[in-house]
Amino acid sequence: MPTGSALVRLALASAMGVASAAGVVATATPANAVSSDAYAYLARINHERHVHGLRALTMRTDLNSIAQRWSNHMAAANLLSHNPRLATQVTNWQIVGENVGEGPDIPSLDSAFWHSPGHRANILTAGYRDVGIATTRANGILWITIDFRKPMHAESTSTIASPRTSTTSTTTTTTATTTHRTLRVGSHGADVKRVQRRLHVRADGIFGRITKRAVVRFQRHHHLRATGVVRSATWKALHL
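Let me begin by describing the structure that accompanies this report. Position numbers for residues count from 1 along each chain, tracking the sequence in the order it is written. Where totals are concerned, whole chains, interfaces and linings use all residues; where local detail is concerned, this predicted model gives features only for residues with pLDDT of at least 70, and gives and counts side-chain atom pairs only at 80 or more. Excluding hydrogens and water, the side-chain values take into account all heavy atoms of the structure.

Moving on, we come to the overall build of the protein. Scanning the protein from terminus to terminus reveals eight helices and six strands. Beginning at the N terminus, the succession of helices and strands in the protein can be written as β-α-β-α-α-β-α-α-β-β-β-α-α-α. Taken over 240 residues, the protein has a buried fraction of 48%. Just so you have it, the protein exposes about 11,300 Å², and 53% of that area is on carbon and sulfur atoms. Strands here are runs of E lasting at least two residues and helices are runs of H or I lasting at least four, both read from the DSSP assignment and numbered beginning at the N terminus. The cut-offs for exposure are 20% and 50% of the maximum accessible area for each residue type, with area from a 1.4 Å probe on protein chains only; residues under the lower value are buried, those over the upper are exposed, and the others partly exposed. Calculation of accessible area relied on Shrake-Rupley with a 1.4 Å probe; when residues are assessed, cover is drawn exclusively from the protein chains displayed.

Salt bridges are defined by distance alone: a side-chain nitrogen of Lys or Arg within 4 Å of a carboxyl oxygen of Asp or Glu. Applying the stated criterion across every chain, the model contains seven salt bridges. One salt bridge connects D110 with R44, and the closest N-O pair in it is separated by 2.8 Å. Residue D110 is found in helix 4 (residues 106-114), and its partner R44 is found in helix 1 (residues 36-51); the two are separated by 66 residues along the sequence. Across the pair D130 and R149 runs a salt bridge whose closest N-O atoms are separated by 3.1 Å. Taken together, the positions of D130 in strand 4 (residues 130-138) and R149 in strand 5 (residues 141-151) put the pair 19 residues apart, joining distant regions of the chain. A residue is classified by how much of its surface remains accessible, and D130, at 1% relative accessible area, is buried. We classify R149 as buried; its relative accessible area is 0%. Several salt bridges share partner residues, and in doing so they unite R60, D62, D130 and R149 into one network.

The next thing to look at is the nonpolar core. As used in this record, nonpolar core signifies buried Ala, Val, Leu, Ile, Met, Phe, Trp, Tyr and Cys residues forming a set joined through side-chain atoms within 4.5 Å. The biggest cluster of nonpolar side chains holds 20 residues, and the ones touching the most others in it are Y41, I123, V131, I133, I144 and I146. If you list the elements that add at least two residues to this core, you get helix 1, helix 4, strand 4 and strand 5. The contact partners of I146, leaving out residues within four places of it in the chain, are Y41, G97, E98, N99, F113, V131, G132 and I133. Within the second largest apolar cluster, 15 residues are counted, among which are L183, V192, F207 and V230. By the convention used here, residues are in contact when the closest approach between their heavy atoms is within 4.5 Å.

Where burial is concerned, most of strand 5 is hidden: nine out of the 11 residues are buried. A pair of strands is treated as paired once DSSP finds two or more bridges between them. As paired strands, strand 3 (residues 93-103) and strand 5 are joined by 10 bridges and run antiparallel to one another. Across the sheet, G97 pairs through a bridge with F148, a residue of strand 5. Bridge count for strand 4 against strand 5 is nine bridges, and the pairing is antiparallel. Within the sheet, the bridge partner assigned to D130 lies in strand 5 and is R149. Taken together, strand 4 and the strand that follows it, strand 5, pair antiparallel across an intervening segment of two residues, in which N139 is found at a positive phi of about 50°.

The subject of this paragraph is the packing of aromatic side chains. Two rings from Phe, Tyr or Trp (for Trp, the six-membered ring) form a pair when their centres are within 6.5 Å of each other. A pair whose planes differ by under 30 degrees is stacked, one over 60 is edge-to-face, and the rest are tilted. Enumeration according to the criterion identifies two aromatic pairs in this entry. Between Y41 and F113, the ring centres sit 5.9 Å apart and the planes meet at 50°, which makes this aromatic pair tilted. A residue pair is termed long-range when its members are at least 10 positions apart, and Y41 in helix 1 and F113 in helix 4 qualify at 72 residues. Measuring from ring centre to ring centre gives 5.2 Å for Y128 and F148, while their planes differ by 20°; the resulting arrangement is stacked. Here Y128, found in the loop between helix 5 (117-123) and strand 4, pairs with F148, found in strand 5; they are 20 residues apart in sequence, far enough to count as distant. No difference in accessibility class separates Y128 from F148, as the two residues are buried. We note R120 situated over the ring of W114; from NZ or CZ to the ring centre the distance is 5.8 Å. Only when the NZ atom of a Lys or the CZ atom of an Arg is both within 6 Å of the ring centre and within 35 degrees of the ring normal do we say a charge sits over the ring.

As a further point, take the side chain of R120. Here R120 shows up in helix 5. When near neighbours in sequence (up to four residues on either side) are disregarded, R120 contacts F113, W114, H115 and H200.

Angles shown run from 0 to 180 degrees and are taken between the N-to-C directions of axes, each axis being a line fitted to C-alpha atoms and, for helices, limited to the stretch in contact. Close contact between helix 1 and helix 4 brings their axes to 10 Å; oriented N to C, the two are set at 35°. Along this stretch, helix 1 crosses helix 4, giving a crossing that reads as right-handed. Contact with helix 1, carried on its side by D37, A40, Y41, R44 and E48, involves I106, P107, D110, F113 and W114 of helix 4 and no other residues of that element. Classification convention: Asp, Glu, Lys, Arg as charged; Ala, Val, Leu, Ile, Met, Phe, Trp, Tyr, Cys, Pro as nonpolar; all other residues, Gly among them, as polar. The class makeup of the residues in the contact of helix 1 with helix 4 is six nonpolar, no polar and four charged. Note: crossing handedness is left-handed where the near helix turns anticlockwise from the far helix by less than a right angle, and right-handed where it turns clockwise.

The structure is reproduced here in structure tokens:
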């Protein structure tokens, strides 16, 4: 991945605001459009998923439309934030997540997402199958929304073809899950190591303050109750 840029801002599920400025000019992109920047970023995240042994994400028309409307909204408002209606706008999901950011270009945004543990966790969530990626440019700033989905059922929604001919998360309770023990500060053992590896913190098997902070960030990013305690909903979102 390229190195980061100080001009890039990202948002986690607890939306971080960016001060607005007068005179912002943003031209809305049609909700069914797919920019070359979006295709470029899809190639980057699918490369990382391939490197980590994960299946590629498929760009879906319905997710792309939702993401495009949100990128247009952020650009027009000059405000970085998460879509508060994501969980109701997206259909047919078991898990849904979102990364948003603003910056000068795709390489800078890509680097910033990759070096942010919460955003990287979305990129490398094994259960995700579908993605919508949308960008809007305004006053030299590129606003991007990436919406991820693990579908409930086999997809009937349309895919978005490549330009070349050859080429905050929430879980439902309707599917069976493996029972895991509850983990909290003071827990230790192999299950703790598995969670630590998934959250990209030192896997020493001891659930301490650093691990709790990583769990809280993950829970917020996946629209879960941010308790720092790993119970069934968090286990399910972790795909462990």
